[in-house]
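These are the residues of each chain, in order.
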Amino acid sequence: MGIGWIFLIQASPVAGQEPLDGFESISSVAFQPEILKEPIVSHEGYFQLTWELVGTPDFNGSFRVAELVDFNGEGSLDGQRATGSSAEEAGKGAAERVVYEGSLPTAFVSGLSDGTYRYHVEALDANGRVIAVSEVPATVQVLHWPMWKATLLLAIGAIVFLAVIIVIVRGTWMHRLVNAEVKPNDRSSEEPTEGSRS
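Just so we're clear, the structure is a prediction, and the values are computed from it rather than from any experiment.

> Talk me through the pattern of salt bridges; I want residue IDs and the actual numbers.
Tallied over the full model, the rule gives three salt bridges. Residue Glu-67 pairs with Arg-97 through a salt bridge whose shortest N-O separation is 2.3 Å. Residue Glu-67 is found in strand E4 (residues 62–69), and its partner Arg-97 is found in strand E5 (residues 95–102); the two are separated by 30 residues along the sequence. Residue classification places Arg-97 among the partly exposed residues on the basis of a relative accessible area of 41%. Its salt-bridge partner being Asp-125, residue Arg-129 comes within 3.1 Å of it at the nearest N-O pair.

> Go over the packing of aromatic side chains, please, and point to the residues and values.
With the rule as written, the count across this model stands at six aromatic pairs. Here the aromatic rings of Phe-59 and Phe-63 are separated by 5.3 Å at their centres, their planes lie at 45°, and the arrangement is tilted. Among the aromatic residues, those joined into a cluster by ring pairs are Phe-31, Trp-51, Phe-59, Phe-63 and Tyr-100.

> Describe the confidence of the model for the protein chain, listing the residues and the values that go with them.
When pLDDT is averaged along the protein chain, the result is 76; 66% of the residues meet or exceed 70. Residue range residues 71–87 is modelled with pLDDT below 50. Its contacts to residues more than four positions away, or to other chains, number 36 contacts.

About the criteria used
Residues numbered from 1 in each chain as written. Predicted model: local features only at pLDDT ≥ 70, side-chain atom pairs only at ≥ 80, totals over all residues. Heavy atoms only, no water. Salt bridge = Lys/Arg side-chain N within 4 Å of Asp/Glu carboxyl O. Helix = DSSP H or I, 4+ residues; strand = E, 2+ residues; numbered from the N terminus. Buried < 20%, exposed > 50% of the residue type's maximum accessible area, 1.4 Å probe, protein only. Phe/Tyr/Trp six-rings, centres within 6.5 Å; stacked < 30°, edge-to-face > 60°. pLDDT = per-residue confidence, 0-100. Contact = heavy atoms within 4.5 Å.

See below:
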């Protein structure tokens, strides 16, 4: 009878399932807490996302970062809607645009126009299976500098650059002038006088 129980346990549906590699139950991936506290604000149109994978000390897989896109096919979203959504809610109807795939836990995103963007990260094992997905998306607000402010900063930079050039040119000219005055005096002091010749 004991052999029958062992056979029954071995023949149960659980035994026929594919092994899980041990990652699914203990792995979690999340963006850094400072990123999730409040939306990242980028005035230049580029920014860096960083995250951490917990529960897999010997992880040799990769990461995938995707931009969540709303139903209209636009990446820019209303800020209130973007901040309150989770990756699961967004996955029910929103499309995704992959912006990074690689083994490093950091992604650099650039070339964005003004708007609010949401990103989630997935951890994939060596076979390419998703083992963890970030629960809360990272929200980024891109607000480029206004044209008047960019022009003002450019003008200030040009004035500082010209001032530095003027100081360098004037310093070089003064140095040459001082050297030109010193050299004739040095020559006259080195020439022997008539009394010293005799």
